[in-house]
Amino acid sequence: MDLDIADGEFFTMLGPSGCGKTTTLRMIAGFEQPTTGKVLIDGTDVAGLPAYKRPTNTVFQSYALFPHMTLEENVGFGLKRKKVSKAEIKRRVADELERVGLSREAKRKPAQLSGGQQQRVALARALVNLPKVLLLDEPLGALDLKLRKGLQVQLKNIQRDVGITFVYVTHDQEEALTMSDRIAVMNAGHIEQCADPETVYDRPSTTFVAGFIGVSNLMPAVVKGSNEIEIADGPTVPSKDAGQFSTGEKCFAVVRPEKLTVSLPENAPGDQPGVDGIVESSLYLGTSTQMAIRVAEDVQMTVLVPNASEDARQHLPGGGAKVRLNWLPEHMHLVAESEADQPADDQTPTETVTEGVN
Amino acid sequence: MKAWRWLRENAVMIAGILALLYMLTPIFVIALFSFNDPTGRYNFEWVGFTTQYWAHPFAITELTDALLVSIRLAFFTAIGATILGTLIAIALVRYQFFGRRAANLLIVIPMATPEVVIGASLLSFFLTLDVFKLGFQTLLIAHIMFSVSFVVIVVRSRLIGFDRRLEEAAQDLGANALTTFRKVTLPLIAPGVVSAALLSFALSIDDFVISNFNSGSTVTFPLYIFGANQRGIPVQVNVIATMLFAVTVIAMLVVIIQQRRAEKASAMRPEEIANKPAMSLPV
């Protein structure tokens, strides 16, 4: 694995549990040592250095606050180890608690705080040391949805303020899309795609990424030429990605659920590419209606129809209806099949993580 | 009819009180007879109430000397056994090494071995070795030996419930191994270590069988009482026994209160465990 993270970046490693994202984070932190390869921070190789000698700080999923210390003592722990003067510790701890809005609780013990407050203390305890890299291991994973949303925004703002490189680990794709400058989607120990959120969402590079980020809307296809593909059991449609594949190669066509339109075949826009299918189910979600449409025996597409008008919603085709799905040519992208989906090939576990290169 | 119902409803409480009476009566009798004014050499029959022995609890020099020996012995036993036992417990819980599983089992064997056997074999060991003179030294070695198992078990249970992430967090914040142990590990296992120390103190001050074999000419408090029993027991024995009992109860209370406080401090809020969310889809 080769990874380059820029200075001051909000970088997210996203993937299912067991994909190696936490292990990678722990290697940067120094809790685990890579068997081979290097971990460079600011150009210095820190592989082999113990955690306490690295310019990194971690926010743990379980927060790992010291239960026998007050918040002040917790936050001041790192500075005390660095032999910072008492007066400066006091000032910086106070500033940091102020930043996370817990000044009044400074003398309390962690057990007297709510989960969200504990999370903020964990953040303050790490940030106060001004690390070169801040590592966050699913820091919001233990919180309820509403609290998580609020803290996502706070976390992003804090990152922008302090300008420290954040390396964030999560399995929640929505969280990753909201907060990150760049996302590395990981699967079975390797990176499937590493790009900014828009690219990862709109132009997934593999079927795994397409499936993990959002709903997997994949149609098997064969490349027909430099700007055309033929969808399996379907029409030949234009594609500007086709040039990246060789003619005759198998691939998948991806269209995001909100970019699809659904209509009865007789009302379908004739100038847009599309496929025929049968409505399997329709689910009311409040802001939109989610429809499942079977276009082939093993291909099901999800469509999100915004509930803009009640009248239009009432007239959506019901279950069993024959419909046509259409999309604009620029909304369809081609992806190759993920390596992990194929029989496992023997990969040598060479990990190289490069970090904070200016 | 009414009485029968009352009895049925309070059966558990009545049984509990009876059990407590059964357990506590001997202690009560000891305390009571420390106020007795016996006529002969034996303090077995109630004669009359007096506080004269409480006024002079340390009047018998040999008894007082024996008590001081016991306290000194128990003090050093507690220190030695606690340090050794805590280190063993940390090794057993934290490190993977050859023979760890065997050591985990072997550590309880001294607790299961009859004291007479330990005492006798220690004596022959000391005599064969011929390095230590029988007396305080051999007593201390013997007492530390049988106390260590208890310390290991108490501290080990505390360590097993310990969140390793806390140590990682300390290291992450720049603390080396020693600082991590001093600032994080030790304060958090302290309640276990303190109870272990008090337990080994109590075990030592109370021991008769093993001490009897290995004491040489040194006389501890239990050995004195046993010897005195042949000639008649002075009332001061009851007085001092009652004092020891009171001190033990107070020490136990201190430990319990301290442990409660530590548990309260380290208890995580239940909502954090309950609210672990499943993955959400963007819709």
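Nothing here was measured: the structure is a model prediction, and the numbers come from that model. (Residues numbered from 1 in each chain as written. Chains lettered and ligands numbered in written order. Predicted model: local features only at pLDDT ≥ 70, side-chain atom pairs only at ≥ 80, totals over all residues. Heavy atoms only, no water.)

Caption draft 1: Local environment of the pairing of strand 2 (residues 10–14) of chain A. All names here are of chain A. For strand 2, the buried fraction is high: 5 of the 5 residues fall into the buried class. The two faces of strand 2 match: Phe10, Thr12 and Leu14 on one face and Phe11 and Met13 on the other face are all buried. Judged from the 5 bridges that link them, strand 2 and strand 7 (residues 165–170) form a sheet pairing that is parallel. Its bridge partner being in strand 7, Thr12 is matched across the sheet by Tyr168. Pairing of strand 2 with strand 8 (residues 182–187), which is carried by 4 bridges, proceeds in the parallel orientation. Along strand 8, the bridge assignment pairs Thr12 with Ile183. (Buried < 20%, exposed > 50% of the residue type's maximum accessible area, 1.4 Å probe, protein only. Helix = DSSP H or I, 4+ residues; strand = E, 2+ residues; numbered from the N terminus. Pairing = 2+ DSSP bridges.)

Caption draft 2: Spatial organisation of the confidence of the model for chain B. Residue and element names in this part refer to chain B. When the pLDDT values of chain B are averaged, the result is 86; 92% of them are 70 or greater. This model gives residues 268–283 a pLDDT under 50, and the stretch forms 34 contacts once residues within four places in sequence are excluded. Overall fold confidence (pTM) sits at 0.74, and the ipTM for the predicted complex is 0.76. (pLDDT = per-residue confidence, 0-100. Contact = heavy atoms within 4.5 Å.)

Caption draft 3: Just the packing of helix 4 (residues 61–94) of chain B against helix 12 (residues 221–231) of chain B, in detail. Remark: helix 4 of chain B packs on helix 12 of chain B, axes separated minimally by 7 Å, with the N-to-C direction vectors making an angle of 150°. On helix 12 of chain B, the residues that touch Glu62, Leu63, Ala66, Leu67 and Ser70 of chain B of helix 4 of chain B are Phe221, Pro222 and Tyr224 of chain B. (Axes fitted to C-alpha atoms, helices over the stretch in contact; angles between N-to-C directions.)

Caption draft 4: Local environment of the packing of aromatic side chains. Residues and elements named next belong to chain A. Across all of its chains, the model carries 12 aromatic pairs over all chains by this definition. Between Phe66 and Phe77, the ring centres sit 4.8 Å apart and the planes meet at 50°, which makes this aromatic pair tilted. A residue pair is termed long-range when its members are at least 10 positions apart, and Phe66 in the loop between strand 5 (56–59) and helix 2 (71–81) and Phe77 in helix 2 qualify at 11 residues. According to the relative accessible area criterion, Phe66 is buried, its value standing at 0%. On the accessibility criterion, Phe77 (2% relative accessible area) is buried. These aromatic residues form a ring-pair network of at least three members: Phe10, Phe166 and Tyr168. The lysine or arginine in question, Arg81, covers the ring of Phe77, its NZ or CZ lying 4.5 Å from the ring centre. Above the plane of the ring of Phe66 lies Arg125, whose end atom (NZ or CZ) is 4.7 Å from the centre. (Phe/Tyr/Trp six-rings, centres within 6.5 Å; stacked < 30°, edge-to-face > 60°. Lys NZ or Arg CZ within 6 Å of the ring centre and 35° of its normal.)

Caption draft 5: Structural view of the nonpolar core. Of all hydrophobic cores here, the largest spans 51 residues; its most connected members are Leu3, Met13, Phe66 and Phe77 of chain A together with Val155 and Val184 of chain B. Considering every element that reaches this core, the biggest residue donor is helix 8 (residues 136–160) of chain B, with 8 residues. Excluding residues that lie within four positions of it along the chain, Val155 of chain B makes contacts with Thr86, Ala89, Ile189, Gly192, Val193 and Ala196 of chain B. Ranked by size, the runner-up nonpolar core spans 34 residues in total, among them Val59, Ile89, Ala124 and Leu134 of chain A. (Core = buried A, V, L, I, M, F, W, Y, C linked by side-chain atoms within 4.5 Å.)

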